[in-house]
Amino acid sequence: MRPILLLFSSEELAQDYVHKIAYEGDVLIVTPKFADALDVQVTPYAYAVDASGVIRHKGLVNSREQLEAYVKAASSSS
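The residue numbering used here restarts from 1 in each chain and proceeds along that chain's sequence as written. The model is predicted, so local features are restricted to residues of pLDDT at least 70 and side-chain atom pairs to those at 80 or more, both for listing and for counting; the totals for chains, interfaces and linings are taken over all residues. Excluded from the side-chain calculation are hydrogens and water; included are all heavy atoms of the structure.

S.K.: Before we go on, may I ask you to explain the confidence of the model for the protein in this structure?
M.R.: Regions with low pLDDT should not have their predicted coordinates read in detail. On a range of 0 to 100, pLDDT expresses the predictor's confidence in each residue. When the pLDDT values of the protein are averaged, the result is 79; 92% of them are 70 or greater. Helix and strand labels come from DSSP, where a helix needs a run of H or I of at least four residues and a strand needs a run of E of at least two; each type is numbered from the N terminus. Across the protein, element-level confidence peaks in helix H1 (residues 11–20) with a mean pLDDT of 89 and bottoms out in strand E3 (residues 45–49) with 76.

S.K.: How do you make sense of unusual backbone geometry when you look at a structure like this?
M.R.: Negative phi is the rule for most residues except glycine; trans is the rule for most peptide bonds. We note that Ala-22 has phi near 55 degrees; this positive angle belongs to a residue other than glycine. Checked against the element boundaries, Ala-22 lands in the loop between H1 and strand E2 (26–29).

S.K.: What am I meant to see in the pairing of E2 here?
M.R.: Within a regular strand, side chains alternate between the sheet's two faces. In short, DSSP must find at least two bridges between two strands for them to pair. Across four bridges, strand E1 (residues 4–7) lies against E2 in parallel orientation. Pairing of Leu-7 across the sheet is with Ile-29, part of E2. Here is how to tell: hold the view so the strands point away, follow the path from the first strand over the helix to the second, and if it runs clockwise the crossover is right-handed. At this point the chain moves from E1, through H1, to the parallel E2, and the crossover so formed is right-handed.

S.K.: Mind showing me how you'd approach the nonpolar core here?
M.R.: Looking at soluble globular proteins, one finds that nonpolar side chains tend to be buried together. We call a set of buried residues a nonpolar core when its members are Ala, Val, Leu, Ile, Met, Phe, Trp, Tyr or Cys and they connect through side-chain atoms within 4.5 Å of each other. The cut-offs for exposure are 20% and 50% of the maximum accessible area for each residue type, with area from a 1.4 Å probe on protein chains only; residues under the lower value are buried, those over the upper are exposed, and the others partly exposed. Counting five residues, the largest nonpolar core consists of Ala-46, Ala-48, Val-61, Tyr-70 and Ala-74. Put simply, the parts of the chain that give this core at least two residues each are E3 and helix H3 (64–76). In what follows, a contact means two residues having at least one pair of non-hydrogen atoms within 4.5 Å. Beyond its immediate chain neighbours, meaning those up to four positions away, Tyr-70 contacts Ala-46, Tyr-47, Ala-48, His-57, Lys-58, Gly-59, Leu-60 and Val-61.

S.K.: Please clarify how the environment of Ile-55 should be interpreted in this entry.
M.R.: Assignment of secondary structure puts Ile-55 in strand E4 (residues 55–60). In this structure Ile-55 comes out as partly exposed when scored by relative accessible area, which is 47%. Sequence separation between Ile-55 and Leu-67 is 12 residues; the distance between their C-alpha atoms is 14 Å.

Laid out in structure tokens, this is it:
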């Protein structure tokens, strides 16, 4: 599993936030156009993508248990 942090933000604000939380993983800035293409209207939102790049589950994530369910969904199809 490789988490990617998607931020609905300007690049400057995203960099400040990533620094503040000491996040060291991959970060993707989400523009309004990109959000529309992903069909994402709210955050926190997550995708479970398997090793083949197929989205296995998507939706709101508000707890660790929900996030773990996404990880399970992505890994069970690999």
